[in-house]
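A structural walkthrough
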Amino acid sequence: MQRFLNILALFKEYVALVLLVIISLILLGANDNVQVRAIRSSTIGVVGFFQRALAVIPNVFELKKENEILRQLNVNLSDEVNRLREARLENIRLRNLLGLREQHPLGLLAGDVVGKSLHLLRNTITVNLGESDGVKADMPIISEGGLVGRILLSSRHYAIGQLVLNKDFRASAKIQRSRVDGIIAWDGEDFLRLNNVAKTQDVRPGDVVMTSEYSNIYPPNIEIGIVTKVTEKPGNLFKEIEVSPSVDFSSLEQIFVVTASSDTERDDLERKAVRTR
Amino acid sequence: MTRQIKFFLLSVLFVLIQSQIMRLLTLEGITPDILTIWVVYLALREGQLAGTLWGFSLGLMFDLVTGSFIGLSALSKTVAGFVAGYFFNENKTALTLGSYRFIVIVLITSLIHNTIYFFVFTQGSGIGLLAAIFQVGLATTFYTATITLLPMFAFSRRRSV
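The rules behind the values
- Residues numbered from 1 in each chain as written.
- Chains lettered and ligands numbered in written order.
- Predicted model: local features only at pLDDT ≥ 70, side-chain atom pairs only at ≥ 80, totals over all residues.
- Helix = DSSP H or I, 4+ residues; strand = E, 2+ residues; numbered from the N terminus.
- Buried ≥ 20, exposed ≤ 12 C-beta atoms within 10 Å, placed from the backbone.
- Contact = placed C-beta atoms within 7 Å.
- Pairing = 2+ DSSP bridges.
- Axes fitted to C-alpha atoms, helices over the stretch in contact; angles between N-to-C directions.
- Parallel < 35°, antiparallel > 145°, perpendicular 65-115°, else oblique.
- Left-handed = near helix turned anticlockwise from the far one by under 90°.
- Nonpolar A, V, L, I, M, F, W, Y, C, P; charged D, E, K, R; others polar.

**Here's the deal with the overall build of chain A**
- Regarding its fold elements, chain A presents 5 helices and 12 strands.
- Taking all 277 residues of chain A together, the buried fraction comes to 25%.
- By sequence separation, contacts in chain A at least 24 residues apart represent 56% of the contacts at least 6 residues apart.

**Let's talk about the pairing of strand β7 (residues 181-186) of chain A**
All names here are of chain A.
- Summarising the sheet, strand β6 (residues 170-175) and β7 pair through 5 bridges and their orientation is antiparallel. Among the inter-strand pairings, K174 is bridged to a residue of β7, identified as D181.
- Hairpin connection of β6 to β7: 5 residues between the antiparallel strands, including R179 at a positive phi of 60 degrees.
- Inspection of the sheet shows β7 paired to strand β8 (residues 192-195) by 4 bridges, in the antiparallel sense. Pairing of I184 across the sheet is with L194, part of β8.

**Details of the pairing of strand β12 (residues 254-258) of chain A**
All names here are of chain A.
- Extensive coverage of β12 is indicated by the burial of 4 of its 5 residues.
- Pairing of strand β1 (residues 108-116) with β12 involves 5 bridges; the strand directions are antiparallel. Following the sheet pairing, A110 is matched in β12 by F256.
- Sheet topology note: the strand β3 (residues 140-142)/β12 ladder contains 2 bridges and is antiparallel. Residue pairing across strands places I142 opposite F256, the latter belonging to β12.

**Remarks on the sheet that holds β6(A)**
Residue and element names in this part refer to chain A.
- Spatial ordering of the closed barrel is given by β6-β7-β8-β11-β10-β9, a layout of 6 strands whose pairing is antiparallel. With strand direction ignored, the average angle separating the axes of adjacent strands in the sheet is 40 degrees.
- In the sheet, strand β9 (residues 208-211) pairs with strand β10 (residues 223-231) via 3 bridges, with the strands oriented antiparallel. Residue pairing in the sheet places V208 in a bridge with I226 of β10.

**A short note on the packing of helix α6 (residues 100-121) of chain B against helix α7 (residues 129-147) of chain B**
Residues and elements named next belong to chain B.
- At a closest axis distance of 9 Å, the pairing of α6 and α7 adopts a crossing angle of 150 degrees. With respect to their mutual orientation, α6 and α7 come out roughly antiparallel. Relative to α7, the crossing made by α6 is right-handed. Seen from α6, the contacting residues are I103, V106, L107, S110, L111, N114, T115, F118 and F119; seen from α7, they are L129, A132, I133, V136, G137, T140, T141, T144 and A145.
- Of the residues in the contact of α6 with α7, the class split is 11 nonpolar, 7 polar and no charged.

**Here's the deal with the sheet that holds strand β4 (residues 147-154) of chain A**
All names here are of chain A.
- Pairing within the closed barrel is antiparallel, and its 6 strands lie in the order β1-β2-β5-β4-β3-β12. Within the sheet, the average angular offset between the axes of one strand and its neighbour, ignoring direction, is 45 degrees.
- Of the pairings in the sheet, the one linking β4 to strand β5 (residues 159-166) comprises 5 bridges and is antiparallel in character. Within β5, the position partnered with R150 by the bridge is Q162.

**Regarding unusual backbone geometry**
Residue and element names in this part refer to chain A.
- For D138, which is not glycine, the phi dihedral falls at a positive 75 degrees.
- With respect to the element layout, D138 can be found in the loop between β2 (122-127) and β3.
- Residue classification places D138 among the partly exposed residues on the basis of 13 C-beta atoms within 10 Å.
- In this structure, R179 takes a positive phi of about 60 degrees despite not being glycine.
- Structurally, the position occupied by R179 is in the loop between β6 and β7.
- For R179, a count of 11 C-beta atoms within 10 Å gives the class exposed.

**Things to note about the interface of chain A and chain B**
- On the side of chain B, 19 residues touch chain A, which itself brings 18 residues to the contact.
- Secondary structure elements with two or more residues in the side of chain A that touches chain B: α2 (12-30) and α3 (34-54) of chain A.
- Of the residues belonging to the side of chain A that touches chain B, the class tally is 11 nonpolar, 4 polar and 3 charged.

**Comments concerning the packing of helix α1 (residues 2-21) of chain B against helix α2 (residues 34-46) of chain B**
Residues and elements named next belong to chain B.
- Packing of α1 against α2 brings their axes to within 9 Å, and their N-to-C directions diverge by 160 degrees. What the angle tells us is that α1 and α2 run roughly antiparallel. Note on packing geometry: the crossing formed by α1 with α2 is right-handed. Between α1 and α2, the contacting residues are F7, S11, F14, V15, I17 and Q18 on the first element and I34, L35, W38 and L42 on the second.
- Considering only residue class, the contact of α1 with α2 consists of 8 nonpolar, 2 polar and no charged.

Structure representation (structure tokens):
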């Protein structure tokens with residue numbers, strides 16, 4: 001310490017000069033005028049030049065820290081990408097639903113699937129729409145893919161829908177290309193079957209099957225599925241037509257209930273005709 | 001101690017003269033700097049450390065009185081006092097003050113002082129540093145050196161008496 005003080009005493013003029021110059025520079029820096037701003041700017045330029053020159057020497061600790069920050073950033077960005085991807089898919093799905101709604105002049109009620117059974121012979125879904133929304137039995141259920149089924153039962157706020165994949169499901173259907181009619185039903189396995197189509201009728205794999213005008217439950221021209229296989233067995237008057245459903249029931253989340261499809265005048269007339277017979 | 005108080009009171013007086021009266025002696029925008037003469041005098045009489053400390057104090061006082069650019073005169077006069085202190089010789093103080101040496105020291109010190117002053121002052125102002133030093137700095141230096149003739153003759157006379 002004494003040696004240090006001796007050195008200070010020996011160079012006291014220089015020490016005083018350095019200290020007073022530093023104090024003067026601090027006082028200068030406290031000003032906010034064009035000169036000080038220019039000096040600050042020049043100083044930053046000089047410091048930047050030296051920093052850039054020294055940047056070629058890698059700093060191991062800084063690199064490690066930077067690496068950690070980048071890893072963290074990478075994780076955050078990956079998470080964000082996943083969320084954006086999810087949002088994009090949801091956006092596509094909702095756009096499709098919106099497009100479907102615009103295509104159909106029929107009254108449509110949008111609802112969510114809150115329950116589902118797909119591995120029984122009589123598969124159903126539960127939707128969060130009920131009588132308070134105007135939902136009644138026999139109202140058709142559709143989605144952006146096509147026909148889903150019809151309402152079986154409804155309570156105040158919920159309804160049970162019979163799916164196309166149900167042993168009790170039947171609907172009048174037609175081939176879009178050749179206008180051939182038939183009855184669509186589920187075979188209890190992976191496919192639907194278009195029945196009552198004579199061997200002479202024109203049906204080919206790839207044909208689109210749609211609801212026909214003959215149904216008094218389902219509105220016409222709603223896609224049901226695509227013909228995947230057509231077979232003709234000897235001794236059988238009809239073709240065996242396998243149809244793959246257009247709706248992916250396993251990922252079904254949103255549906256529409258068609259509220260104003262049936263023609264009541266037509267229904268009444270048909271009922272009267274049955275009674276007359 | 002009494003001498004330091006005397007120096008302080010004279011310093012205050014010179015600061016007031018420089019800030020209030022010297023503008024009356026302005027020629028073509030050039031004003032002589034009697035504070036630099038005073039700092040050189042103090043450095044030649046009291047030594048380099050005292051010259052440096054008085055340079056800083058005088059400069060700061062002048063900055064505070066004028067309020068224009070706090071720290072600029074303090075910086076330039078600190079260095080001026082330090083430089084003038086190099087010419088300090090305890091045994092030849094009267095000889096130096098009463099001869100042309102005093103003027104030469106004021107010239108050198110004033111030139112360094114003005115170079116530092118205008119180096120900072122011209123930053124970002126659009127005025128060229130060399131133009132400022134040659135047109136204003138040198139003129140101020142020579143004007144200040146000319147004014148130094150007065151104290152030099154006074155010291156010379158005192159020495160001969």
